[in-house]
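Coordinate inspection notes
What follows is each chain in one-letter form.
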Amino acid sequence: MDMSIAAMSVDMHMARAQQDFGVAVLKMAMETDAEMLEETLESVGSLDPTLGNTIDISV
């Protein structure tokens, strides 16, 4: 296990790059999911804007 400092540095930088890439992909996925959720909520809310404003009670 005799690694040179240069080899260890390269390994560390590669690991950091892989971690940064993973975080970036995860952020993109979360943003996409958030946008899809917002669109879904907007489409549901636009079905009937007066929904829930009145209560119809009959005896």
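See above for the structure.
Below is a summary of the structure that appears in this document. Computed from a predicted model, the values in this text were never measured in an experiment.

Per the secondary structure count, the chain includes 1 helix and 0 strands. Relative to a compact globule of 59 residues, whose C-alpha radius of gyration would be 10 Å, the chain shows 26 Å and is clearly more extended. Counting over 59 residues, the chain shows a buried share of 0%. When the accessible area of the chain is evaluated, it comes to approximately 5,900 Å², of which 65% is carbon and sulfur surface.

With that out of the way, let us pick up the environment of Asp11. Within the secondary structure, Asp11 is located in helix H1 (residues 5–45). By relative accessible area, Asp11 is classed as partly exposed at 40%. Along the sequence, Asp11 and Val23 sit 12 residues apart, while their C-alpha atoms lie 18 Å from each other.

For the rest of this paragraph, the subject is the pattern of salt bridges. Taken as a whole, this structure holds 1 salt bridge when the rule is applied. Across the pair Arg16 and Asp20 runs a salt bridge whose closest N-O atoms are separated by 3.2 Å. Separated by 4 residues within a single helix, Arg16 and Asp20 lie in helix H1, roughly one turn from each other. Its relative accessible area of 52% is what places Arg16 among the exposed residues. Under the relative-accessibility criterion, Asp20 is labelled partly exposed at 40%.

Calculation criteria
Residues numbered from 1 in each chain as written. Predicted model: local features only at pLDDT ≥ 70, side-chain atom pairs only at ≥ 80, totals over all residues. Heavy atoms only, no water. Helix = DSSP H or I, 4+ residues; strand = E, 2+ residues; numbered from the N terminus. Rg over C-alpha atoms; globule rule 2.2 N^0.38 Å. Buried < 20%, exposed > 50% of the residue type's maximum accessible area, 1.4 Å probe, protein only. Areas by Shrake-Rupley, 256 points an atom, 1.4 Å probe, with all protein chains shown as cover. Salt bridge = Lys/Arg side-chain N within 4 Å of Asp/Glu carboxyl O.

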